[in-house]
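Now for the letters of each chain:
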Amino acid sequence: MVATIVVGGFWGDEGKGKIISYLSMKDLPSIVARGGVGPNAGHTVEIDGQKFGVRMIPSGFIYEKAKLLIGAGVLVDPKVFLSEVQTLKVEKRTKLDYRCAIIEEKHIEEDKSDVHLKGKIGTTGTGCGPANVDRVKRIAKQAKDVEQLKNFLTDVPLEINEALDRGEDVLVEGTQGFGLSLYYGTYPYVTSKDTTASAIASDVGLGPTKVDEVIVVFKCFPTRVGGGPFPTEMSQEDAEKLGIVEYGTVTGRRRRIGYWDGKFARYSAIVNGATQIALTGMDKLDKECFGVREWDKLTYKAKKFVEQVEDDVKVPVTLISTGPDLKQIVDLRREKC
Ligand code: GTP
Ligand code: IMP
Ligand code: MG
């Protein structure tokens, strides 16, 4: 029985989707639950040439026996939710907490037109900030008030805690990243909620004493979309020279690219209570690592980088992603945990 939370360590888009889909296929958890803000997230899951972009459904959908739950803390856009449920054909095993707050068209319109939100902060325009405002004012609708969602309602904390009591594994998926946390991030250039592991646990109703592992995902080259400070940012030309060009899953905006930031990563790991690190984009650091699945086959440069990360952050690197496909990964958990 293990409860694991996976969160982003930088400014989102670290590859949580990839890591969570891998862990789901490898560890076979009975539940994969989604915490985090809402459909502002875009997780990418790639398997055998097939690519999925999910905004509401947990990335663990790829493991067909997992029950897929969305915690009460998450904002739900019914259109996005229903369309993903249909496309992925997961109607029978997907449920959301009856207390999830609802994003309405008016929230999206405001998010897309507000000078401060769209203009200054550079939000995703998915209505999350304005919907969380209504939630705080206690005027937002909840999932139980929406007719089209009535077949999907459940009590997520009960489902998760009962599964753990039965001795099953539960995987909890965070969204965004530490630098986007409303409390600890680069305020005001942040999202509308805390994004650390404690918040994700609360989103799904998992008490702090029940959490066994916190895996923080870091990219070898951090990225950021939208406005705000980015201490190790490199120029677009330098990023292109390194062959790194990325675009956002939800908004299509070009991601800003930076160099590894050990100090920021350490602080992020402390506040998240990290027990393990997943490092993604090793193939971007050294092309020769593309697709490698064994530690011994990683290059000297890659191994040295892993050493540096562990030295900076003081947490073991247990997963090293070497490409977008979920099989392109070095899994060191057996040796290190
Ligand atoms: P948010 O919840 O929106 O923060 O997203 P995320 O953390 O799930 O990441 P997202 O899928 O938005 O972005 C990561 C991108 O990197 C995707 O296009 C992945 O397919 C890709 N990716 C993940 N791991 C690796 C890797 O090790 N190497 C390469 N080349 N690409 C990777
Ligand atoms: P909001 O969450 O849409 O309000 O956007 C606030 C800030 O967080 C903006 O800088 C967005 O670009 C950023 N952001 C929100 N969600 C994500 C995400 O999933 N990945 C990366 N950046 C995000
Ligand atoms: Mg993303």
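Here the structure is shown first, and the text comes after it.
Residues numbered from 1 in each chain as written. Chains lettered and ligands numbered in written order. Predicted model: local features only at pLDDT ≥ 70, side-chain atom pairs only at ≥ 80, totals over all residues. Heavy atoms only, no water.

Side note on the coordination of the magnesium ion (ligand 3)
By definition of the ideal shapes, four donors in a tetrahedron about a metal sit 109.5 degrees apart, and six donors in an octahedron sit 90 or 180 degrees apart.
Part 1 of the argument: Here the magnesium ion (ligand 3) is held by the protein donor atoms Asp-13 (OD) and Gly-42 (O), which lie 2.0 to 2.3 Å from it. Here the residue Asp-13 occupies a position in the loop between β1 (3–8) and α1 (16–27), and Gly-42 occupies one in the loop between β2 (31–34) and β3 (43–47), the gap between them amounting to 29 residues.
Part 2 of the argument: Residue Asp-13 is classed as partly exposed on the basis of its relative accessible area of 23%. (Donors = N, O, S within 2.8 Å, 3.2 Å for Na, K, Ca; no water. Helix = DSSP H or I, 4+ residues; strand = E, 2+ residues; numbered from the N terminus. Buried < 20%, exposed > 50% of the residue type's maximum accessible area, 1.4 Å probe, protein only.)

Digging into the site of ligand 2
Part 1 of the argument: What surrounds ligand 2 is a group of 16 residues, the closest being Asn-40, Thr-124, Thr-191, Val-225 and Arg-253.
Part 2 of the argument: Interatomic distance of 2.8 Å between a side-chain N/O atom of Asn-40 and an oxygen atom of ligand 2.
Part 3 of the argument: Gln-176 places a side-chain nitrogen or oxygen 3.1 Å from a nitrogen atom of ligand 2.
Part 4 of the argument: Within the complex, the protein chains bury 96% of what would otherwise be the 470 Å² of accessible surface of ligand 2.
Part 5 of the argument: Taken together, the residues of the shell around ligand 2 break down into six nonpolar, eight polar and two charged. (Near = heavy atom within 4 Å. Polar contact = N/O pair within 3.5 Å; in protein donor to acceptor, adjacent residues only side chain to side chain. Areas by Shrake-Rupley, 256 points an atom, 1.4 Å probe, with all protein chains shown as cover. Nonpolar A, V, L, I, M, F, W, Y, C, P; charged D, E, K, R; others polar.)

A closer look at the packing of aromatic side chains
Part 1 of the argument: One pass over the structure, following the stated rule, counts 14 aromatic pairs.
Part 2 of the argument: Where Phe-52 meets Phe-61, the ring centres are 5.2 Å apart and the plane angle is 80°; that geometry is what we call edge-to-face.
Part 3 of the argument: Taken together, Phe-10, Trp-11, Phe-178, Tyr-183, Tyr-184, Phe-218, Phe-230, Trp-260, Phe-264, Tyr-267 and Phe-305 form an aromatic cluster joined through their ring pairs.
Part 4 of the argument: One Lys or Arg, Lys-336, reaches over the ring of Trp-295 and ends 6.0 Å from the middle of that ring. (Phe/Tyr/Trp six-rings, centres within 6.5 Å; stacked < 30°, edge-to-face > 60°. Lys NZ or Arg CZ within 6 Å of the ring centre and 35° of its normal.)

Things to note about unusual backbone geometry
Part 1 of the argument: The linkage connecting Tyr-187 with the following residue, Pro-188, adopts the cis geometry, with an omega of 5°.
Part 2 of the argument: In this fold, Pro-188 is placed in the loop between β8 (170–173) and α7 (197–204).
Part 3 of the argument: The phi dihedral of Lys-89 falls on the positive side, at around 55°, and the residue is not glycine.
Part 4 of the argument: Here Lys-89 lies in the loop between α2 (78–87) and β6 (94–97).
Part 5 of the argument: With a relative accessible area of 68%, Lys-89 lands in the exposed category.
Part 6 of the argument: With a phi angle near 65°, Lys-314 is a residue other than glycine that sits in the positive phi range.
Part 7 of the argument: Within the secondary structure, Lys-314 is located in the loop between α11 (300–313) and β13 (317–321).
Part 8 of the argument: Overall, the relative accessible area of 56% leaves Lys-314 in the exposed class.

Some points on α11
Part 1 of the argument: Counted at 1.5 Å a residue, the expected span for α11 with its 14 residues is 20 Å, and the 20 Å between its end C-alpha atoms agrees.
Part 2 of the argument: Those residues of α11 that sit buried are Ala-302, Phe-305, Val-306, Val-309 and Val-313. Buried residues along α11 cover an arc of 100° about the axis, so they all sit on one side. When the buried face of α11 is taken as reference, the exposed residues oriented beyond 90 degrees from it are Tyr-300 and Asp-311.
Part 3 of the argument: The inward-facing, buried residues of α11 abut β9 (213–219), α9 (262–272), β12 (276–280), α10 (282–285) and β13.
Part 4 of the argument: Just beyond α11, the residue with positive phi is Lys-314, at close to 65°. (Expected span 1.5 Å × (residues − 1). Arc of directions from axis to C-beta. Contact = heavy atoms within 4.5 Å.)

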